[in-house]
Amino acid sequence: MSDAVLDPASLRKAEDFRWAGVDSRRYKEENAAPFKAVSRQVLFSDPRLAGELRYFEVEPDGYSTLERHEHMHAVMILRGEGQVLVGTIVHAVKPHDLITIPPWTWHQFRPAPGEKLGFLCLVNADRDRPQLPTLEELSALRADLEVAHFLDGVNKDESAGRR
């Protein structure tokens, strides 16, 4: 058995996707990037480990920022169902799905209609700032009808009926 003294924060209990001792904050600064109705909790960050574990929750009709970074992400859905854009592919997601987002890949999360979408995100603790698409890059993404529907907030089931 170790003689190490445990930090009281070594166990953080959760209730309704809120962790004890962890502040729930806005996803990003207002006007920093386009997003709607997203909160963020940093669940774990320690200089002894190069990663950071965060929980994001997207409210019904909300969405995360369409962005890309140098760093990769590992994301696990914990709550609700929805869709995620990874590159030019729209995936339907549900609890316990694991999404890997490679470096420099466009990505965005959206909940299913009327649902909250909550997910854990593991990233580098020291990471680069996100890049937003230029008008040309956005136009290239929208050239794919499924991606355009996703970016417009049209549910995958709804867009299938339009084809």
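Note that the structure is predicted; figures quoted are calculated from it, not measured. (Residues numbered from 1 in each chain as written. Predicted model: local features only at pLDDT ≥ 70, side-chain atom pairs only at ≥ 80, totals over all residues. Heavy atoms only, no water.)

K.L.:
Can you walk me through the pairing of strand β5 (residues 51-63) in this structure?
P.N.:
The side chains of a regular strand alternate between both faces of the sheet. Where strand β4 (residues 36-45) lies against β5, 8 bridges are found, and the strand directions are antiparallel. Across the sheet, the residue bridging to arginine 40 is phenylalanine 56, located in β5. Joining the antiparallel neighbours β4 and β5 is a turn of 5 residues. Pairing of β5 with strand β11 (residues 117-124) involves 8 bridges; the strand directions are antiparallel. Among the inter-strand pairings, phenylalanine 56 is bridged to a residue of β11, identified as phenylalanine 119. (Pairing = 2+ DSSP bridges. Helix = DSSP H or I, 4+ residues; strand = E, 2+ residues; numbered from the N terminus.)

K.L.:
Is there a simple way to think about the pattern of salt bridges in this case?
P.N.:
Opposite charge on two side chains allows them to pair when their charged atoms are near. A complete count under the given rule lists 7 salt bridges for this structure. The residue arginine 79 makes a salt bridge to glutamate 57 at a minimum N-O spacing of 2.8 Å. Here arginine 79 is found in strand β6 (residues 73-79), whereas its partner glutamate 57 is found in strand β5, with 22 residues between them in sequence. There is no split in this pair, since arginine 79 and glutamate 57 are both buried. A salt bridge links lysine 116 to glutamate 59; its shortest N-O distance comes to 3.9 Å. You can see lysine 116 sitting in the loop between β10 (107-111) and β11 and its partner glutamate 59 sitting in strand β5, a full 57 residues away along the chain. Assessed through its relative accessible area of 30%, lysine 116 is described here as partly exposed. (Salt bridge = Lys/Arg side-chain N within 4 Å of Asp/Glu carboxyl O. Buried < 20%, exposed > 50% of the residue type's maximum accessible area, 1.4 Å probe, protein only.)

Geometric descriptors of this kind do not, in isolation, establish any biological role.
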